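Now for the letters of each chain:
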Amino acid sequence: MSSLFNKKQLEKVRAGREAWEKDLAGNLVQKPDRKARFSTVSDLEIKSIYSPEDIAHLDYEQDLGFPSQYPYTRGVQTSMYRGQLWTMRMFAGLGSAEDTNQRFHYLVQQGQTGLSTAFHMPTLMGYDSDSPLARGECGKCGVAIDTLKDMEILFDGLPIDRITTSMTINPPASVIWAMYLAMGEKRGILRSKLGGTIQNDMLKEFAAQKTFMCPIRPSLRVVTDTVEFGTKEVPRWNTISISGYHIREAGSTAVQELAFTLADGLAYVEDAMSRGLDVDDFAPRLSFFFNAHIDFFEEIAKYRAARRMWARFMKERFKAKNPRSWWLRFHTQTAGCSLTAQQPYNNVVRTALEALAAILGGTQSLHTNSLDEVLAIPTAEAATIALRTQQIIADESGVTHSIDPLGGSYFIEALTNQMEEEALAYIRKIDEMGGMVEALDRHYPQMEIADSAYKFQQQIDRGEKTMVGVNKYVTGEPPPVEILKIDPELEAKQIARLHQVKNDRNNKKVRECLERLGEACVNNENVMPFLIQAVKEYASLQECCDVYRKVFGRYRDPGIF
Amino acid sequence: MAGERKLRVLVGKPGLDGHDRGARIIARAFRDAGFEVVYTGLHQTPEEIVQAALQEDVDMIGLSSLAGAHNYLLPRVLELLKENKAEDIALVGGGIFPDADIVSLKQMGVKKLFTPGATLDDITNWVRENIKPRSL
Amino acid sequence: MNWTQKILAGDLRSVARLIRDIDDGIPEARAVLKELYPHTGRAYVIGITGSPGVGKSTLVDRMIQHLRARGKTVGILAVDPTSPFSGGAILGDRIRMQRHSTDEGVFIRSMATRGHFGGLTPSTRGAIAVLDAMGKDYILVETVGVGQDEIEIVRSAHTTLIVLVPGMGDDIQAIKAGILEVGDVFVINKCEREGAQKTRQELQMMIEMGKDRKAKGGWKPLIFMTEAVKNDGLEALMAGIEEHRGFLFKKDPAYLSEFQYSRARMELFDLVRQDVIQVIMDHLTQTGRWDHFVQELVQKKTDPYTLSKEIIARYLNAGNEPITDRLE
């Protein structure tokens, strides 16, 4: 194992550091530090200064490598942003399919390079707009999609054979994906040309986001069905976006976000392999989704640690041979939970810093939050500012000129190592429990997240951690922003459309398709082909999900604090 | 000591939204403030919430609303409380509410709406000062 | 309509309020309990206890389902611990049974231990009585998973369920004899986990090795394997409970009267003890004498035995020698 510094140099450094510490001790008497302890937003303690001593054992070849070289700490692609910028992919969805279609066109015109869809709450939970549970929720936090008809309107006029689409959807992901694929078929596009992502990460739902429908194991089975189907039929599609974003939003620390996300990934790989799939066949299409929170360096270190850890797991634990299986590719979203309702224009600054961290961390795709996102679905103006933020970083700031520009920084490398170490400790614990599925059953991640969330809130309340405008530099004015209002008639219109579709379709065929779907669920057959058949006949989202609920049962919130 | 009433509060999330970070934190904070908290969790219908409130004889219902469905869900809870002659159970909300909606909801009978910026102490102190164990 | 009538008629709010009054120690609640007493004794009480995390609440949820399917009405008391620091509590058992909350035949009530040990609260009996008088066929009492010494639930329940999970391994050995004496039915939940059969065997062995169980009329505890989340094993469990019920009420009339005697004795004893202590303590604290006595002990001016005798002499009108003599 070679190190970057030889013994003699390190000696000199140590001497220098000791002299500096002596100076510091004297200094502190007259000029005490501003705080007793400096720590990240995740409460990770940060030292005053880092030096070669902190990375004395770093091995360039083994621990860092060059881009596209194992273990990929510095990046997965060879030329990174010099060759191709990250995809600017703004999450969008509001009201009706027509409204969102308009927003999609607008964003594409403004220069966004990939589509990203936000669905409304009923769709996210597998209910149609006419369900009594959907009362009051229609179109409020995303687009209403009940049938293939809505899907077709949503993507009207958009070149889905040339542009990639990400769909943030979890329990009903298989159904939504089936609709997208059916739409592609109807347009005469080959499945092999369709590119995109479905989030489809059920494990994190049980840990964090809590949109759940069926119990853990059947949910995992359906996810693996999509992985299997995608591997064979839709090779350009990322069938899971293994997510840490929501884990972080639920209140976890950065290390927990890192650990639980990768642990979820390990569980997905294991499940797919237990079905007989060859790891090198599906692993290259697994993708990740991280949060970009406000503590700048902690986030950058997190992404680098993630790449290195995943590469090592894939190679050593799962014996993957294809280098593409070792790559951790990820999408990032800036942290929703870091935004404030007070003084909302400050959020533009937060988003910019967070976006910068994600880019310096080497993200493949990025969504930047809008300044009004705490209050409502973004207005077009606010969404544009968020997009421009990315464009300014890309074209003006120069940070894309050199790959992994912070590589070699004593601080960043030390922090990367530390995060890896702490995350591995969590993963080991989860391994001992028997893996993430077991850990979720025992509510381990849920409890850890709840503890971190409570701790953070107390720190904010006590002023130990700062949120500008909230517990420091507080002003009394109400937010001066215009927020987006959803058409109150939407619910009625959407229900009417749904009923029309149900009227016009061949209901006998729909019933048959749903029956066959049910049988496939019971007989452990891959559900995808049956779903595609059903949605083509305009079976609704809820009708398909009701089949799942019937066969697999429902999962209820166990209420972990 | 005999004869001293403990404050009983229900905390839950109505509707389909699963973002319960705030609700869980509040539940803990209420416990730390000495209240007995009946936590009904996620994905509750207004009917389920009100039935629980009645059976548990709570003094206050605290609901978290972040995804914009408050204009249906909160009034529906008020309606059900009225139907069950339980209007003395205070309804309090926490989350994201546009100003105009705050006004109309309070007119309808929601006792208080906490918006971002309220500290845990703010909330628990308000409850201590404004919510008393009810007498039938 | 007065209180008693409302409760006998099953009025939700009156029941809920009375339970609260009992919990808070409101004196007027007693009068109602007195009137209700003759109307109690119909409901079948099942106690469910076990360590945290074994799945009691989920099990109870499924049990409710089964009982409702048989057309029975159910009252549930779910007990959770009060925080010793704040005096508050998060009562989170209900969440796993919430789907039943809009079922008119089900009444679910969460209670906090309020500093009491043993898994129950002083007011649990009162709450059970109210649910009984209200007309519930079955009353399920889910208690705090507790260190195995005092399993209080057995004092109020007809059938006591002890819930375990596999892999408790050494813990089974460590479980004190108390729990084995007290359980009528053992449930190994999460039975799909590794070690389930082993746990079952160990438990079986301990039951066999156990004493005659004369105290339980010779009933040999049953063991059931369940996966509550999947509703597996519940049919058998419910049948097992009915078996115990049959044993209790039909098999041996001598045992039944013994059981009823014992239950009544425990109820009276607990109440008298509670009342006596409360009456004495209330007065002592109100008059400041209590603090005074404790200070005297701290300063070693006297000893607890002397003080106790003094207190008893004062409050129990037992100034006569014979009673206090027995304490020497």
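Residues numbered from 1 in each chain as written. Chains lettered and ligands numbered in written order. Predicted model: local features only at pLDDT ≥ 70, side-chain atom pairs only at ≥ 80, totals over all residues. Heavy atoms only, no water.

Undergrad: Explain the overall build of chain C residue by residue, including any values.
TA: Secondary structure assignment for chain C yields 13 helices and eight strands. Burial status across chain C gives 49% buried among its 328 residues. For chain C, the proportion of contacts with a sequence separation of at least 24, taken over those separated by at least 6, is 74%. Split by element, the accessible area of chain C, about 15,800 Å² in all, is 55% carbon and sulfur. (Helix = DSSP H or I, 4+ residues; strand = E, 2+ residues; numbered from the N terminus. Buried < 20%, exposed > 50% of the residue type's maximum accessible area, 1.4 Å probe, protein only. Contact = heavy atoms within 4.5 Å. Areas by Shrake-Rupley, 256 points an atom, 1.4 Å probe, with all protein chains shown as cover.)

Undergrad: Hey, could you go over the overall build of chain A for me, with residue numbers and the actual values?
TA: Of the regular secondary structure elements, chain A holds 23 helices and ten strands. Relative to the globule expectation of 24 Å for 561 residues, the C-alpha radius of gyration of chain A, 24 Å, shows essentially globular dimensions. Its C-alpha atoms give chain A principal-axis dimensions of roughly 85 × 60 × 45 Å. Among the 561 residues that make up chain A, the fraction classed as buried is 60%. At a minimum sequence separation of 6, the contacts of chain A that also span at least 24 residues come to 79%. (Rg over C-alpha atoms; globule rule 2.2 N^0.38 Å.)

Undergrad: Got a sec to walk through the interface of chain A and chain B? Specific residues and values, please.
TA: The parts lose accessible area when they come together, and the size of an interface is often stated as this lost area. Taken together, the contact between chain A and chain B spans 36 residues of the former and 31 residues of the latter. Taken over both partners, the interface formed by chain A and chain B buries close to 2,800 Å², and the fraction arising from carbon and sulfur atoms is 60%. At the boundary of chain A with chain B, the tally comes to two salt bridges. Counting across the chain A and chain B interface gives nine residue pairs in polar contact (both at pLDDT 80 or more). With seven residues, the top contributor of residues to the side of chain A that touches chain B is helix H19 (residues 444-461) of chain A. Of the residues assigned to the side of chain A that touches chain B, the class counts are 21 nonpolar, six polar and nine charged. (Buried area = accessible area lost by both parts, 1.4 Å probe. Salt bridge = Lys/Arg side-chain N within 4 Å of Asp/Glu carboxyl O. Polar contact = N/O pair within 3.5 Å; in protein donor to acceptor, adjacent residues only side chain to side chain. Nonpolar A, V, L, I, M, F, W, Y, C, P; charged D, E, K, R; others polar.)

Undergrad: Describe the sheet that holds strand E1 (residues 44-50) of chain C, with residues and values.
TA: Residue and element names in this part refer to chain C. The strand order across the open sheet formed by seven strands is E4-E2-E5-E1-E6-E7-E8, and the pairing between neighbours is parallel. Looking along the sheet, the strands with just one partner apiece sit at the ends: strand E4 (106-112) and strand E8 (222-225). Sheet twist, expressed as the mean angle between neighbouring strand axes with direction ignored, is 20°. As judged from the five bridges shared by strand E2 (residues 74-80) and strand E5 (residues 138-142), these two strands associate in the parallel manner. The partner of Val 74 across the bridge, within E5, is Tyr 138. Strand contacts of helix H9 (residues 234-251): E1, E5, strand E6 (159-164), strand E7 (185-188) and E8, with the helix running at about 125° to E1, the strand carrying the most contacts. (Pairing = 2+ DSSP bridges. Axes fitted to C-alpha atoms, helices over the stretch in contact; angles between N-to-C directions.)

Undergrad: Now, about the pairing of strand E4 (residues 90-95) of chain B: what can you tell me, with residues and values included?
TA: Residues and elements named next belong to chain B. Across the six residues of E4, five count as buried, placing the element largely inside the fold. In terms of strand pairing, strand E3 (residues 60-65) meets E4 through six bridges, oriented parallel. When the bridges of E4 are listed, Ser 64 appears paired with Gly 94. As for the winding sense of the linkage, the β-α-β connection from E3 through helix H3 (residues 70-83) to E4 is right-handed. Handedness of the E4-helix H4 (residues 99-108)-strand E5 (residues 112-114) crossover: right-handed. (Right-handed = clockwise from strand over helix to strand, strands pointing away.)

Undergrad: Kindly report on the nonpolar core, identifying the contributing residues and their values.
TA: Counting residues in each nonpolar core, the largest one holds 152 residues, and the members touching the most others are A:Met151, A:Phe155, A:Met167 and A:Tyr548. It is helix H11 (residues 254-274) of chain A that provides the largest number of residues to this core, a total of twelve residues. When neighbours within four sequence positions are excluded, A:Met167 is seen to be in contact with A:Thr117, A:Phe119, A:Met151, A:Ile176, A:Trp177, A:Tyr180, A:Thr197, A:Ile198, A:Gln199 and A:Trp237. Grouped together as the second largest cluster of nonpolar side chains are 33 residues, C:Tyr44, C:Ile76, C:Phe224 and C:Ile241 included. (Core = buried A, V, L, I, M, F, W, Y, C linked by side-chain atoms within 4.5 Å.)

Undergrad: Tell me what's going on with the pairing of E3(B), and back it up with residues and numbers.
TA: Residues and elements named next belong to chain B. Burial of E3 is extensive: six of the six residues sit out of reach of the surface. Here E3 shows a buried face lined by Met 60, Gly 62 and Ser 64 and a second buried face lined by Ile 61, Leu 63 and Ser 65. With four bridges connecting them, strand E1 (residues 8-14) and E3 associate as parallel partners. What sits directly across from Val 11, in E3, is Gly 62.

Undergrad: Tell me about the interface of chain C and chain B, and please be specific about residues and values.
TA: Taken together, the contact between chain C and chain B spans 34 residues of the former and 39 residues of the latter. Of all residues in chain C, C:Arg13, C:Arg17 and C:Arg20 bury the most surface against chain B, accounting for 24% of the area lost on that side. At the boundary of chain C and chain B, one finds eight salt bridges. Residue C:Arg20 pairs with B:Asp59 through a salt bridge whose shortest N-O separation is 2.7 Å. Applying the counting criterion to the chain C and chain B interface returns 21 residue pairs in polar contact (both at pLDDT 80 or more).

Undergrad: Tell me about the packing of aromatic side chains, and please be specific about residues and values.
TA: Residues and elements named next belong to chain A. Applying the stated rule across the entire model yields 32 aromatic pairs over all chains. Seen in terms of ring centroids, Phe 206 and Phe 212 are 5.9 Å apart; in terms of plane orientation they differ by 10°. Their pairing is stacked. Of the two residues, Phe 206 and Phe 212, both sit in the buried class. Here Tyr 245 and Phe 289 contribute two aromatic rings whose centre-to-centre distance is 5.1 Å and whose plane-to-plane angle is 5°, an arrangement assigned as stacked. Remark: Phe 289 occurs in strand E8 (residues 286-292) and Tyr 245 occurs in helix H10 (residues 245-249); sequence separation between them is 44 residues. On the accessibility criterion, Tyr 245 (8% relative accessible area) is buried. Here the basic side chain of Lys 47 rests over the ring of Tyr 50, its NZ or CZ set 5.2 Å away from the ring centre. (Phe/Tyr/Trp six-rings, centres within 6.5 Å; stacked < 30°, edge-to-face > 60°. Lys NZ or Arg CZ within 6 Å of the ring centre and 35° of its normal.)

Undergrad: Please set out unusual backbone geometry residue by residue, giving values where relevant.
TA: With an omega of 0°, the peptide bond between A:Tyr70 and A:Pro71 qualifies as cis. One can find A:Pro71 in the loop between helix H2 (60-64) and helix H3 (80-83). Phi angles above zero are rare outside glycine, and A:His443 is one such case at about 65°. In this structure, A:His443 sits in the loop between helix H18 (436-441) and H19. The class of A:His443 is buried, set by a relative accessible area of 15%. A positive phi angle is found at C:Asn231, which is not glycine, with a value near 65°. Secondary-structure assignment places C:Asn231 in the loop between E8 and H9. Classification of C:Asn231 as partly exposed rests on a relative accessible area of 26%.

Undergrad: Pulling in residues and values, what's your account of the packing of helix H8 (residues 202-209) of chain A against H11(A)?
TA: All names here are of chain A. Relative orientation of the contacting elements H8 and H11 amounts to 150°, with a least axis distance of 9 Å. Crossing of H8 against H11: the hand is right-handed. For the pair H8 and H11, the contacting residues are Met 202, Leu 203 and Lys 204 in the first and Asp 264, Ala 267 and Tyr 268 in the second. Of the residues contributing to the contact of H8 with H11, the split by class is four nonpolar, no polar and two charged. (Left-handed = near helix turned anticlockwise from the far one by under 90°.)

Undergrad: Requested: an account of the environment of C:Glu202, with residues and values cited.
TA: Residues and elements named next belong to chain C. With respect to the helices and strands, Glu 202 occurs in helix H8 (residues 196-209). The class for Glu 202 is buried, based on a relative accessible area of 15%. In this structure the C-alpha to C-alpha distance between Glu 202 and Met 225, which are 23 residues apart in sequence, comes to 14 Å.

Undergrad: Tell me about the pattern of salt bridges, and name the residues and values.
TA: Under the defined criterion, the tally for this structure stands at 76 salt bridges over all chains. Across the pair A:Glu298 and A:Arg248 runs a salt bridge, and its minimum N-O distance is 3.8 Å. Of this pair, A:Glu298 sits in helix H13 (residues 296-317) while A:Arg248 is found in helix H10, placing the two residues 50 residues apart along the sequence. Accessibility expressed as a relative area gives 1% for A:Glu298, which makes it buried. Ionic pairing is found between C:Arg114 and C:Asp23, a salt bridge with its closest N-O pair at 3.6 Å. Of this pair, C:Arg114 sits in the loop between E4 and helix H5 (124-134) while C:Asp23 sits in helix H2 (residues 12-23), and the two are 91 residues apart along the sequence.

Undergrad: Would you mind going over the environment of C:Gln204 in detail, with residue names and values included?
TA: Structurally, the position occupied by C:Gln204 is in helix H8. For the pair C:Gln204 and C:Leu222, spaced 18 residues apart in sequence, the C-alpha to C-alpha distance is 8.8 Å.

Undergrad: I'd love a proper account of the packing of H19(A) against helix H1 (residues 21-32) of chain B, names of residues and values included.
TA: Packing of H19(A) against H1(B) brings their axes to within 10 Å, and their N-to-C directions diverge by 70°. In terms of orientation, H19(A) and H1(B) fall into the roughly perpendicular class. Viewed along their axes, H19(A) and H1(B) form a crossing whose handedness is right-handed. Mapping the contact onto sequence places A:Ala450, A:Asp451, A:Ala453, A:Tyr454, A:Phe456 and A:Gln457 in H19(A) and B:Arg21, B:Arg24, B:Ile25, B:Arg28, B:Ala29 and B:Asp32 in H1(B). Taken together, the residues that form the contact of H19(A) with H1(B) break down as six nonpolar, one polar and five charged. (Parallel < 35°, antiparallel > 145°, perpendicular 65-115°, else oblique.)

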